[in-house]
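So the chains spell out like this:
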Amino acid sequence: MPQRISDVLFTHHHYDHNGGFFDVFITSWRTHITAERVFEGRSVPMQVYGPETTKAIIGKMRESFEFDVKLRISYNLSDEAGSRIEYTECNEGVVYDKDGIRITAFEVDHRPVYPAIAYKFEYNGKTVVISGDTIPVANMEKHAAGADLLVHEAYNKPWLDALIARYPQHEKALSNPAKYHTTTLEAAQIAQRAGVKHLVLTHHIPAPEANPAAEQAYIEGMADIYAGPITVGRDLMAFELK
Ligand SMILES: [Zn+2]
Ligand SMILES: [Zn+2]
């Protein structure tokens, strides 16, 4: 339930990564009712983590919510504490260490978006690394070394090249991903070098249809580089680490 969300982590400030913040912020704060029960909204400030620039950018978004927020406090009687945000800006280092969960931020390279970061999550002897958006960087191999799960962004270069050949008038827009993202084969190489136990691809460009044949075509060539299991991520996927 969104009412359980009290902490939000940003990797960088492209709209496809922060555009849903208004919804998460208000939905986690407001009390939600169904025919069966009441889900009480968040009554503590939202904790927001991200690279430097996060407070300036998300702070401006928060200002734009003020009209709605004021009404929720005065009319809907939502808890005022929940209308606040506390920020932790950190490009490199431990940002969260509570109840056995440790989250470490580390820098990646998604220029011209600077800074951009990835996160390592450690809990109960298990490690998950989420890349955010980036070209291949040595810092990823370092922090993902031996991880149980690496969720890495990737684009399929041959598919993108074929689109460029088909739509030369869109060459500029279509060649942009190649400048600041990682290819599927490069992601396989990172997973192999870091010795991760399971690689999950995310942020697909161009996105394959969500069926095994299309997804198999999307990851073509990766198994020659990385011998571990490869999963093409789909929305709302969950992984259990045993
Ligand atoms: Zn991005
Ligand atoms: Zn993105």
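The structure under discussion appears in the preceding block.
The structure displayed is predicted, hence computed values, not measured ones.

Asks: Summarise the pattern of salt bridges; cite the residues concerned and give the values.
Replies: Pairing between side chains of opposite charge can happen when their charged atoms approach one another. Here the structure, examined in full by the defined rule, presents 11 salt bridges. Glu66 serves as the salt-bridge partner of Arg62, at 2.8 Å between the closest nitrogen and oxygen. Here Asp148 ties to Lys126 by a salt bridge, and the two come within 3.9 Å at their closest N and O atoms. Of the two residues, Asp148 sits in the loop between helix 5 (138–144) and strand 10 (149–155) while Lys126 sits in strand 9 (residues 126–130), which places them 22 residues apart along the sequence. Under the relative-accessibility criterion, Asp148 is labelled buried at 12%. It is possible to trace a salt-bridge network through shared partners that takes in Arg62, Glu66 and Lys70.

Asks: If you had to explain helix 3 (residues 54–64) to someone new, which residues and values would you point to?
Replies: Restricting attention to buried positions, one finds in helix 3 the residues Thr54, Ile58, Gly59 and Arg62. For helix 3, the buried positions fall inside an angular range of 110° around the axis, keeping them on one side. Away from the buried face of helix 3 by more than 90 degrees, exposed residues Lys60, Glu63 and Ser64 are located. Here the buried face of helix 3 lies against helix 1 (15–18), helix 2 (21–29), strand 4 (46–50), helix 4 (66–74) and strand 5 (85–89).

Asks: Outline the sheet that holds strand 5, supporting the account with residue identities and numerical values.
Replies: Spatially, the three strands line up as an open sheet ordered 1-4-5, and their pairing is parallel. Of all strands in the sheet, those bounded by a partner on one side alone are strand 1 (7–9) and strand 5. Along the sheet, successive strands turn relative to each other by an average axial angle of 20°, direction set aside. In terms of strand pairing, strand 4 meets strand 5 through five bridges, oriented parallel. When the bridges of strand 5 are listed, Val48 appears paired with Tyr87. The sheet strands contacting helix 2 are strand 1, strand 4 and strand 5, and the helix crosses strand 4 at an angle near 155°. Against the sheet, helix 3 engages strand 4 and strand 5, with an angle of about 160° to strand 5.

Asks: Describe the coordination of the zinc ion (ligand 2), naming the residues involved and giving the relevant values.
Replies: Coordination of the zinc ion (ligand 2) by the protein comes from Asp16 (OD), His17 (NE2), Asp133 (OD) and His203 (NE2), over a distance range of 2.0 to 2.2 Å. Coordination at the zinc ion (ligand 2) is irregular, judged from the four donor atoms that bind it and the angles of 88 to 172° they form at the metal. Mapped onto the polypeptide sequence, the residues donating to the zinc ion (ligand 2) form the spacing pattern D-H-x115-D-x69-H. Between the zinc ion (ligand 2) and the zinc ion (ligand 1), a separation of 3.3 Å is found, and both are coordinated by Asp133.

Asks: Help me get a handle on the pairing of strand 6 (residues 93–98), residues and values and all.
Replies: Consecutive residues of a regular strand have side chains that alternate between opposite faces of the sheet. Summarising the sheet, strand 6 and strand 7 (residues 101–107) pair through five bridges and their orientation is antiparallel. Paired with Gly93 across the strands is Ala105, a residue of strand 7. A loop of two residues connects strand 6 with strand 7, the two strands running antiparallel in sequence, and Asp99 in this loop sits at a positive phi of about 50°.

Asks: Could you give an account of the nonpolar core, naming the residues involved and the relevant values?
Replies: Among the nonpolar cores identified, the biggest contains 25 residues, and Met140, Leu150, Val196 and Leu201 are the most heavily contacted of them. Here this core takes five residues from helix 9 (residues 184–194), the largest share from any one element. Among residues more than four places away in sequence, those in contact with Val196 are Ala144, Ala147, Leu150, Ala191 and Tyr226. Counting 12 residues, the second-largest nonpolar core is a separate cluster that includes Phe21, Phe25, Ile26 and Met46.

Rules of the game
- Residues numbered from 1 in each chain as written.
- Chains lettered and ligands numbered in written order.
- Predicted model: local features only at pLDDT ≥ 70, side-chain atom pairs only at ≥ 80, totals over all residues.
- Heavy atoms only, no water.
- Salt bridge = Lys/Arg side-chain N within 4 Å of Asp/Glu carboxyl O.
- Helix = DSSP H or I, 4+ residues; strand = E, 2+ residues; numbered from the N terminus.
- Buried < 20%, exposed > 50% of the residue type's maximum accessible area, 1.4 Å probe, protein only.
- Arc of directions from axis to C-beta.
- Contact = heavy atoms within 4.5 Å.
- Pairing = 2+ DSSP bridges.
- Axes fitted to C-alpha atoms, helices over the stretch in contact; angles between N-to-C directions.
- Donors = N, O, S within 2.8 Å, 3.2 Å for Na, K, Ca; no water.
- Tetrahedral: all angles 85-135°; square planar, octahedral: opposite > 155°, others 65-115°.
- Core = buried A, V, L, I, M, F, W, Y, C linked by side-chain atoms within 4.5 Å.

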